[in-house]
Amino acid sequence: METALVTGASRGLGAAIAERLAADGFAVAVNYASSSAGAEQVVARIREAGGTAGAFQADVTDEAAVAALFEEVRGALGPVTVVVANATGPQPEIPADQVAWRDHLDQLEFFVKSPTLLLQAALPDMRAARRGRMIQIGSDVFERALPHMSAYTAAKGAQWGLTRVWASEFGAHGVTVNLVAPGWIPVERHGELTDADLAGYLEDLPLGRIGVPADVAAAVAYLASDDAAFITGQRLTVNGGHNMD
Ligand SMILES: NC(=O)c1ccc[n+]([C@@H]2O[C@H](COP(=O)([O-])OP(=O)(O)OC[C@H]3O[C@@H](n4cnc5c(N)ncnc54)[C@H](OP(=O)(O)O)[C@@H]3O)[C@@H](O)[C@H]2O)c1
């Protein structure tokens, strides 16, 4: 059984991605920072459905913690050949004339440093298996260029840059590197939403409905599958057609 690590999988999109990959036959490492109860619930749902999973605490922006995480996951579930870099910290809205360098660093920790640590830790397993899937969770804010989101958007743009270069560097080892860019997908942190909350956003969506975490999980599952073996260095936008390249 192949092992997939999903960072930030105690809730939100990561939880849905973990459950979907488990349903597709991966042993899934459900990573979390502090929500052990949330992660254990995701693991319980996977096991109830007949899948294999474990919960693993680690701050994925910390070098030593990522190294320890991989040792722990390998020991429990085996070599890690699929990594989904999904975890995120807070995403504050800050007008660009008030952004501090620290605000940029906060976002780069999650979308440049963490994916780099994760890829480097997974590469020995991926190279040995001659099969690897690095899947980055980006955002359509890069395309939509929303005001007051410059630090988050710059870091998401950098993550897209990493995706392209890594795809070039590691293709020869059988490793594909792709990015899934969700639009707004309400999750727990968005709270209860009314039809009025969604109305303005839906007006601009050709598909006319709000996205759900399973929409993102399906895109990740495809990129993790053998069906996507000849796809690398690509961005798959999951936002109901809100923007089109
Ligand atoms: N939802 C959307 O509308 C949307 C749209 C576009 C892109 N995205 C992207 O999708 C990804 C997931 O977003 P989300 O909305 O699902 O986020 P979320 O609901 O806020 O969940 C964040 C997850 O990251 C974990 N986390 C936080 N800091 C961590 C750390 N230092 N180390 C390890 N895990 C950590 C949290 O764990 P704890 O619970 O333990 O804190 C939680 O599991 C992000 O990359 C985000 O940028 C989301």
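All of these numbers come straight from a predicted model, not from anything done at the bench. (Residues numbered from 1 in each chain as written. Predicted model: local features only at pLDDT ≥ 70, side-chain atom pairs only at ≥ 80, totals over all residues. Heavy atoms only, no water.)

Draft legend 1. Broad picture of helix 3 (residues 63–77). Under the 1.5 Å per step criterion, the end-to-end length of helix 3 is 21 Å for 15 residues, consistent within 8% with the ideal 21 Å. If you check which residues of helix 3 are buried, you get V66, L69, F70, V73 and L77. All buried residues of helix 3 project into a common sector of 95 degrees when viewed along the axis, lining one side. Exposed and facing more than 90 degrees away from the buried side of helix 3 are A64, E71 and G75. Contacts made by the buried residues of helix 3 are with strand 1 (3–6), strand 2 (27–32), strand 3 (52–57), strand 4 (80–85) and helix 4 (101–129). Its side-chain oxygen at 3.2 Å from the backbone nitrogen of A64, D62 defines the N-terminal cap of helix 3. G78, located one to two residues past helix 3, shows a positive phi value of around 100 degrees. (Helix = DSSP H or I, 4+ residues; strand = E, 2+ residues; numbered from the N terminus. Expected span 1.5 Å × (residues − 1). Buried < 20%, exposed > 50% of the residue type's maximum accessible area, 1.4 Å probe, protein only. Arc of directions from axis to C-beta. Contact = heavy atoms within 4.5 Å. Polar contact = N/O pair within 3.5 Å; in protein donor to acceptor, adjacent residues only side chain to side chain.)

Draft legend 2. The arrangement of the site of the ligand in detail. Taken together, 32 residues surround the ligand, and among them S10, S34, S35, Y152 and R189 come closest. Taking I185, its main chain carries an N or O atom lying 2.8 Å from an oxygen atom of the ligand. When residues of the shell around the ligand are traced back to their parent elements, those giving at least two are helix 1 (12–23), strand 2, helix 4 and helix 6 (150–170). Considering only residue class, the shell around the ligand consists of 15 nonpolar, 13 polar and 4 charged. (Near = heavy atom within 4 Å. Nonpolar A, V, L, I, M, F, W, Y, C, P; charged D, E, K, R; others polar.)

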